[in-house]
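Residue-level listing of the chains:
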Amino acid sequence: MNVEATNSTLKDWILFAVSTIVMIWMLVAMPQWFWLVLPFSCTYLVKALRMM
């Protein structure tokens, strides 16, 4: 396995986790605005799973 690919995937998983935490926080605090973070969470999940 390529070290660069591993670092990229790790970065994508971290960004997915952070964006998901922010999305959940916004869902609790400001439910009308949580959809603003939704594209980030979905995009980084797809990148972390190497589907894109």
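You'll find the structure just up there.
Below is a short write-up of the structure.

Reading guide: rules and limits
Along each chain, residues carry numbers from 1 onward, in the same order as the chain's sequence is written. Only residues with pLDDT of at least 70 get local features here, since the model is predicted, and only at 80 or more are side-chain atom pairs given and counted; chain-wide, interface and lining totals rely on the full set of residues. Only heavy atoms go into the side-chain values, all of them from the structure, while hydrogens and water stay out. The way it works is that DSSP assigns letters per residue, a run of H or I at least four long becomes a helix, a run of E at least two long becomes a strand, and they are numbered from the N terminus. All radius of gyration figures rest on C-alpha atoms, and the globule criterion is 2.2 Å times the number of residues raised to 0.38. When a residue's accessible area, from a 1.4 Å probe over protein chains only, is under 20% of the maximum for its type it is buried; when over 50% it is exposed; and in between it is partly exposed. Here the accessible surface of atoms and residues is derived via Shrake-Rupley with a 1.4 Å probe, and residues count as covered only by protein chains that are part of the display. Pairs were defined over the aromatic rings of Phe, Tyr and Trp, the Trp ring being its six-membered one, requiring ring centres within 6.5 Å. Orientation was assigned from the angle between planes: stacked under 30 degrees, edge-to-face over 60, tilted for the rest.

A separate point is the overall build of the protein chain. Each helix and strand counted, the protein chain has two helices and zero strands in total. Taking 52 residues into account, the globule formula puts the C-alpha radius of gyration at 10 Å, and the protein chain, at 13 Å, lies well above it. In terms of overall dimensions, the protein chain has C-alpha extents of about 40 × 15 × 10 Å along its principal axes. Residues classed as buried in the protein chain amount to 19% of the 52 residues present. When the accessible area of the protein chain is evaluated, it comes to approximately 4,100 Å², of which 76% is carbon and sulfur surface.

A word on the packing of aromatic side chains. Ring pairs (aromatic) are described by centroid distance and by the angle formed between their planes. Inspection of every chain in the model, using the stated rule, returns two aromatic pairs. The interplanar angle of 80° and the centroid separation of 6.0 Å between the aromatic rings of Trp-13 and Phe-16 together place this pair among those described as edge-to-face. Note that Trp-13 and Phe-16 are positioned in helix H1 (residues 3-29) at a spacing of three residues, about one turn of the helix. On the numbers, 6.3 Å between centres and 25° between planes, the contact of Trp-33 with Trp-35 is stacked.

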